[in-house]
Amino acid sequence: MKQTTHPPDRLSAPVRNGAAAAPPPAPARARRRSTSPQWAAWAFLAPVTLYLVLFYAYPLYRNLDLSLRDYTVRSFVQGNAPFTGIENYRTVFDDPTFAPALLHTALFTAVCLVFQYAIGLALAVFFTQHFRLSATLRALFLVPWLLPLIVSASTWSWMLNSDSGIVNAALHALGIAPVNWLTSPSWSLTSVIIANIWIGVPFNLVVLYSGLQSIPASLYEAAALDGASAWQRFRRITFPLLRPVSAITLLLGLIYTLKVFDIIWIMTKGGPADSSTTFATWSYQLGFGNLLPAFGPGAAVGNLLVVAALVFGLIYVKIQRKQALS
């Protein structure tokens, strides 16, 4: 009778050198598979984390440290500045420049935001008509946003020059007396507001135009069939559906406008007689604009801007959460 042989079972395999060649346990393999994606995720997060620490967290820490110590030029280089607590903030609040700078910052930010958003929204709605040369005109409107700020500010300084500016030349041609745009305390803040509005409109145009593209055209068609006018379609469809995009546009515009320095400094340097001084220019003037710099008060003014931007950011997050829950 023929005897059949079967291959030896893996578990009953002969032992070589006193140890069986058994596969690793299943839990160990599962642990290796689970830790591999975690290491990959940390590897991708490492560059971003390093960037945030070096260029955001550390400068904020240094600015806070500057505002809580009595730094001089020598101690700024060598260290060991004495700790003064909130004394620098008291110095800032007691300074006679604080109230005008706060008012100018609020006016500059509010007026720029309102006009930048209103003009940007009007242009965005206008360009949704898709007429001939629409794309070309949209590209031309981006020019103020693409130019370096020093070029834009220098151009506006030349245009608003009291003696040789093109704006006063146009006013003279119309029979209107020339205006001292940059040298009059009554007009200096208005001048920098006009320049900043011109620079910020393209950003609002691009973001709001992108938001308008996401609104279904069928809604406008249905409203038109129901007899809704153009204003009613804008008020009932465009504006409500554009609210999330408008919120982030206004928030980014607010943060940018709060810290505007280049335009004001190049055009007026905060003058004359501090008539166009904002927190951004005042902070720079305290820290670097004098022979004896006041690093502590300058950093304190900068921290006030950071707190203001943080407060508005938290308000935006809270509003977004309420809208998501509703």
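Treat the numbers as computed from the prediction; the structure is a model and nothing was measured.

Participant: Please explain the overall build of the protein chain as it appears in this structure.
Facilitator: When helices and strands are tallied, the protein chain shows 15 helices and zero strands. A buried classification covers 32% of the 326 residues belonging to the protein chain. At a minimum sequence separation of 6, the contacts of the protein chain that also span at least 24 residues come to 66%. Of the roughly 21100 Å² of accessible surface on the protein chain, a fraction of 68% belongs to carbon and sulfur atoms.

Participant: I keep staring at the nonpolar core and nothing clicks. Help me out?
Facilitator: Buried together is how nonpolar side chains tend to be arranged in soluble globular proteins. Counting residues in hydrophobic clusters, the biggest one holds 33 residues, and the most contacted among them are Phe108 and Met267. Where this core is concerned, the elements lending two or more residues are helix H4 (98-127), helix H7 (149-159), helix H9 (188-213) and helix H13 (262-267). When residues in this core are grouped by element, the largest group, 11 residues, is from H9. With residues near it in sequence (within four places) discarded, phenylalanine 108 still touches Leu189, Val192, Ile193, Asn196, Thr257, Val260 and Ile264.

Participant: I tried to follow the pattern of salt bridges on my own but got confused; where do I start?
Facilitator: A pair can form between side chains of opposite charge whenever their charged atoms are brought close. Here the structure, examined in full by the defined rule, presents three salt bridges. Taking the shortest distance from any N to any O, the salt bridge between arginine 90 and glutamate 87 comes out at 3.8 Å. Of this pair, arginine 90 and glutamate 87 both sit in helix H3 (residues 87-94), separated by three residues, roughly a single helical turn. One network of salt bridges, with partners in common, ties together Arg62, Asp65 and Arg69.

Participant: Would you mind going over the environment of valine 206 with me for this structure?
Facilitator: When you line up the elements, valine 206 lands in helix H9. Linking valine 206 and leucine 142, residues 64 residues apart in sequence, is a C-alpha distance of 8.4 Å. Filtering out sequence-adjacent residues up to four positions away, valine 206 remains in contact with Leu142 and Trp145.

Participant: I would appreciate a short explanation of the packing of helix H14 (residues 279-288) against helix H15 (residues 295-325) in the present structure.
Facilitator: When two helices pack together, their arrangement is captured by the angle between the axes and the distance separating the axes. H15 packs onto H14 with a crossing angle of 160° between their chain directions and a minimal axis gap of 7 Å. Judged by the inter-axis angle, H14 sits roughly antiparallel to H15. H15 is crossed by H14, and the crossing has left-handed handedness. The segment H14 lies against H15, with Phe279, Ala280, Trp282, Ser283, Leu286, Gly287 and Phe288 engaging Phe295, Pro297, Gly298, Val301, Gly302, Leu304 and Leu305. Within the contact of H14 with H15, the residues separate by chemical class into 10 nonpolar, four polar and no charged.

Participant: Whenever I open this one, the environment of asparagine 303 confuses me. Can you help?
Facilitator: Its place among the elements puts asparagine 303 in helix H15. Once the C-alpha coordinates of asparagine 303 and leucine 64 are considered, the two residues, 239 residues apart in sequence, prove to be 7.1 Å apart.

Participant: How do you make sense of the packing of aromatic side chains when you look at a structure like this?
Facilitator: Here the structure, examined in full by the defined rule, presents 18 aromatic pairs. When the ring of phenylalanine 126 is compared with that of phenylalanine 127, the centres are 5.4 Å apart and the planes differ by 65°; the resulting orientation is edge-to-face. When its relative accessible area of 43% is taken as the criterion, phenylalanine 126 is described as partly exposed. Clustering of aromatic rings is evident, with ring pairs tying together Phe261, Trp265, Tyr284, Phe288 and Phe295.

Participant: Even after reading the chapter, I still don't get the environment of proline 240, so can you show me in this structure?
Facilitator: Note that proline 240 resides in helix H11 (residues 230-241). Residues contacting proline 240, with those up to four places away along its chain left out, are Phe234 and Arg235.

Participant: Explanation requested: the side chain of serine 67 in the structure shown.
Facilitator: Position of serine 67 among the secondary structure elements: in helix H1 (residues 26-67). Within the structure, the side chain of serine 67 is placed 2.7 Å from the backbone oxygen of leucine 64, a separation counted as a polar contact. Looking at serine 67, its side chain comes within polar contact range of the side chain of tyrosine 89, at 2.9 Å. When near neighbours in sequence (up to four residues on either side) are disregarded, serine 67 contacts Gly85, Asn88, Tyr89, Gly296, Ala299, Ala300 and Asn303.

Procedures and definitions
- Residues numbered from 1 in each chain as written.
- Predicted model: local features only at pLDDT ≥ 70, side-chain atom pairs only at ≥ 80, totals over all residues.
- Heavy atoms only, no water.
- Helix = DSSP H or I, 4+ residues; strand = E, 2+ residues; numbered from the N terminus.
- Buried < 20%, exposed > 50% of the residue type's maximum accessible area, 1.4 Å probe, protein only.
- Contact = heavy atoms within 4.5 Å.
- Areas by Shrake-Rupley, 256 points an atom, 1.4 Å probe, with all protein chains shown as cover.
- Core = buried A, V, L, I, M, F, W, Y, C linked by side-chain atoms within 4.5 Å.
- Salt bridge = Lys/Arg side-chain N within 4 Å of Asp/Glu carboxyl O.
- Axes fitted to C-alpha atoms, helices over the stretch in contact; angles between N-to-C directions.
- Parallel < 35°, antiparallel > 145°, perpendicular 65-115°, else oblique.
- Left-handed = near helix turned anticlockwise from the far one by under 90°.
- Nonpolar A, V, L, I, M, F, W, Y, C, P; charged D, E, K, R; others polar.
- Phe/Tyr/Trp six-rings, centres within 6.5 Å; stacked < 30°, edge-to-face > 60°.
- Polar contact = N/O pair within 3.5 Å; in protein donor to acceptor, adjacent residues only side chain to side chain.

Everything listed is a geometric property; what it means functionally is a separate question.
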